[in-house]
Each structure stands twice: as C-alpha cells, then as structure tokens.
Amino acid sequence: MNERLAVRTRGRGLCEVTADVQAVVRGAGVTDGLCTVFIQHTSASLTIQENADPSARHDLEHWLDRLVPADDPHFTHTLEGPDDMPSHIKSALTSTTLSIPIVKGRLGLGTWQGIYVWEHRDRGAERHLLVHVSGK
Amino acid sequence: MNERLAVRTRGRGLCEVTADVQAVVRGAGVTDGLCTVFIQHTSASLTIQENADPSARHDLEHWLDRLVPADDPHFTHTLEGPDDMPSHIKSALTSTTLSIPIVKGRLGLGTWQGIYVWEHRDRGAERHLLVHVSGK
Amino acid sequence: MNERLAVRTRGRGLCEVTADVQAVVRGAGVTDGLCTVFIQHTSASLTIQENADPSARHDLEHWLDRLVPADDPHFTHTLEGPDDMPSHIKSALTSTTLSIPIVKGRLGLGTWQGIYVWEHRDRGAERHLLVHVSGK
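From a predicted model like this one, the values you see are computed outputs, not experimental measurements.

K.L.:
Explain the interface of chain A and chain C to me, and be specific about the residues and the numbers.
P.N.:
Contact residues are listed per partner, giving 21 residues for chain A and 27 residues for chain C. For the side of chain A that touches chain C, the secondary structure elements donating two or more residues are β3 (33-39), α3 (84-93), β5 (97-103) and β8 (126-135) of chain A. When the residues that make up the side of chain A that touches chain C are grouped by side-chain class, the tally is seven nonpolar, 14 polar and no charged.

Dropping the structure here:
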C-alpha cells in the first residue's frame, strides 16, 4: 500500500511528520510489518531525530549549515541560487528513504525518536513523500 | 516478523551485530526476502563497514570524531553532557535503518561487509534494535 | 524477488543505474510495492541525486573529496592505497541501501531524481548490487 503525503515546509530546518506517517500506518490496518518513507526531492531529505528538546534540532541544522556553507567558491552549479548546491550535498549526507518496523499497529520508534522532513532550501516548499506499508 | 535485539556497547565506536541479525533471519526461516534493521536511538546509529581490518573502523571512528568535536562552542543543547549533541549529529550523518536482501536464507552481504551498531556516546549503553524479516 | 546487477564504474564519481533498476522492477511485474537496492561494497555507495544538470554531480563529488581528502596523516589503514580509507568514510556518510516505493509499475522517483552508484576509489571497478522487489 502506497500513499502520497504533501508537507509544507517553512524554510531551512526540520519539520516533524511522525503523526502523518503514523496515520498512514493506522489507515493501512497493519499490525506487524514495515513502513518505508521516501522523499521525492534532492534538496530536502529525511531524518529520525530527538523529538524532545528543540535545541537539539536547532544545533543540528546549524552544524550542517556550517559544514556545507552556501558561499563555497568551488561550486559551479549555481544557476538555481546559492542555496541549491548545498541542498543537494546536505541531502546526500542525510537520508532520502527510511524504513521503520511496525509493531502492534504502531511505528516501532524509540521513546525520543521523531520522523522529520529536513528542508535544505532557504524558502519552504511543498514537499512530497511516498509512504509504503506492508505486513499483516 | 519483528524481533527486538538488545546490544551492549562499550563506549564510542563500532560494535558488530552481523551474527545476531543473521540468527534472526535463520530463525524466521526465510529463503528469499528482505531484512530491515532499525535502531531505536538518536545517539547511536547503524553502518555497514569493512569487517576485515580493525584499523579501518578505528580510522572511521576517529575521522568522524574530528569532524564533529564535542567542544563546539556553537552548541546550545548541552544539558545531557558534551558528547550528546555530537551524538545526534553523527547519527544524522550515518544510518538509523538498513535494509539487506536475503538470498538463499542468508543476508546478501558482500565478502567484506559487516553490520555494526555505532555508539556515539562516550560511555556504552544498552541499545535496542528492531529486526524485520519478510519473504518466503 | 532478488536480482543481482553488475555495474562497471570508471573512477571516482556518480554512475547512473536508474534504468537498470527500473528494468528489474518491470521484469518482476509488480504494480504496487517496494524496491530495495543494496550495494555489496564498502568503498562504493548509493545515492539518489539530481539527474538533470551534470554540474550538480560534479560539485557533489568534489565537495565530498575535499571533506575526506586522501592524504590525511591520521589514517592508519593505508595498506590498500591512499584512496581506500577515504572510500570507507565516504561510504559511511552516504548510503549502502535505498528503498523506493513502486507506484503503477514504476519506481516512485521525483521528477529530477536518479539512482546512482557512487564510486569512491580512484580506479573504477565492477560493482555488484542486489535489487529486491516485493508487492503485487
């Protein structure tokens, strides 16, 4: 079973989608199985991160932005703006796809884990995810 | 089929779990299928790395530790200790989930590949994995 | 269903395999399901990246090569050549496995997404992938 989700991001940073993915799992009526989330973009990605303290997500975003700064003079792929090439690199360093076991009808996340879309462009955008659920 | 594994790590670095995951696959009695490993933490992660020469894993651990040092003055998420925020970043840069095809009843790993839990906290901890097996 | 693909790379950089993976999906006759690609190496990896402008892939490769230079004096794992240890690190920072939902008989990739083998050794090699397809 595949379902497409649209997520509206509001600029660079992490946007939680745990409840949206859990709703797809619930709708599929699967008790034991596997849920795969796939993002259909190369300038935004997915990550599973701590969902408790927002300072962790803030530091994560800022650290990655220092690692891959927008003003790198080596970049040649600059037609789509200075934040485009860093977005592709940040996507390659994080995840385009995540697979999470379903246990007793729920995503088998740890206590402090949340699923996030990680927007790498300066402006937000409508981002599309495919959520695949298999099992019984 | 889902099974939960507990792994005791002994401080920062890679801890091999290939045999544990292979045992779950064997127990499931699946000949052709897919095995997904998921770690329920955001300060430890998963990786598939060379299982031959320990120096490769040593260099890998040290390289990542130099990339994400614990004393970064930009960090604001410091309540859980100086090794906590680097652990979240290292987890985001590596893998929370791995999917490995099962071929003839065995994990389809290459000759030199092993599955590792990558502990990012200074002290070891009991870490939990979910292993999902599907197929026939 | 599992199929093994051999890919010949021509030195460091990205080598597109989208059509090869799509051909396995077509051959499996699956309309809705999941396709998992796994690379059986620790010195080459997988990524989903922009398939439009080659300059994006060029910048990506050069950026990662600057992040993980071959002449790092800290490396102790050097017996297999100066490009071996950087290859393991680059593999750990990118992906060994990718899972892509299958929608209406085709890989559910976004408009600008392609699947690539990322060769990290200076010389190309024959690289092996396992492609697993499930669904109906």
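So much for the structure itself; the text now carries on.
K.L.:
Pulling in residues and values, what's your account of the sheet that holds strand β4 (residues 44-50) of chain A?
P.N.:
Residues and elements named next belong to chain A. A sheet is described by the order of its strands in space; here three strands give the open sequence β2-β7-β4, paired in antiparallel fashion. In the strand order of this sheet, the two ends are held by β2 (13-16) and β4, each with one partner. The average undirected angle you get between the axes of adjacent strands in this sheet is 40°. As paired elements, β4 and strand β7 (residues 113-119) share seven bridges and run antiparallel to each other. When the bridges of β7 are listed, Thr47 appears paired with Tyr116. Packed on one face of the sheet, helix α2 (residues 54-67) meets β2 and β4 and runs near 140° to β4.

K.L.:
Tell me about the relation of the copies chain A and chain C, and name the residues and values.
P.N.:
Two copies of one chain are present, and they are related through a rotation about an axis combined with an axial shift. Between chain A and chain C, which share one sequence, the superposing operator has a rotation angle of 120° and an axial displacement of 0.0 Å; the RMSD is 0.0 Å. The operation mapping one copy onto its partner corresponds to a three-fold rotation axis. Taking the C-alpha atom as reference, chain A places A:Leu93 closest to the rotation axis, 3.3 Å from it. Of all interface residues in chain A, a mere 14% are interface residues in chain C too; the two copies therefore contact each other through different surfaces.

K.L.:
Lay out the relation of the copies chain A and chain B with the relevant residues and their values.
P.N.:
Structural alignment of chain A on chain B gives an RMSD of 0.0 Å, achieved by rotating through 120° and translating 0.0 Å along the axis. Here only 11% of the interface residues in chain A have copies in chain B that are interface residues too; the copies meet through unlike faces.

K.L.:
Which residues make up helix α2 (residues 54-67) of chain B, and what values go with them?
P.N.:
The terminal C-alpha atoms of α2(B) lie 20 Å apart, and with 14 residues this matches the ideal 20 Å at 1.5 Å per residue to within 8%. Within α2(B), burial applies to B:Ala56, B:Arg57, B:Asp59, B:Leu60, B:Trp63 and B:Leu64. The buried residues of α2(B) occupy one face: seen down the axis, they fall within an arc of 165°. In α2(B), the exposed residues that point more than 90 degrees away from the buried face are B:Pro54 and B:Arg66. Summarising the contacts, the buried residues of α2(B) are in contact with β2 (13-16), β4 (44-50) and α3 (84-93) of chain B together with α3 (84-93) of chain C.

Parameters and conventions
Residues numbered from 1 in each chain as written. Chains lettered and ligands numbered in written order. Predicted model: local features only at pLDDT ≥ 70, side-chain atom pairs only at ≥ 80, totals over all residues. Contact = placed C-beta atoms within 7 Å. Helix = DSSP H or I, 4+ residues; strand = E, 2+ residues; numbered from the N terminus. Nonpolar A, V, L, I, M, F, W, Y, C, P; charged D, E, K, R; others polar. Pairing = 2+ DSSP bridges. Axes fitted to C-alpha atoms, helices over the stretch in contact; angles between N-to-C directions. Least-squares fit on C-alpha atoms with pLDDT ≥ 70 in both. Expected span 1.5 Å × (residues − 1). Buried ≥ 20, exposed ≤ 12 C-beta atoms within 10 Å, placed from the backbone. Arc of directions from axis to C-beta.

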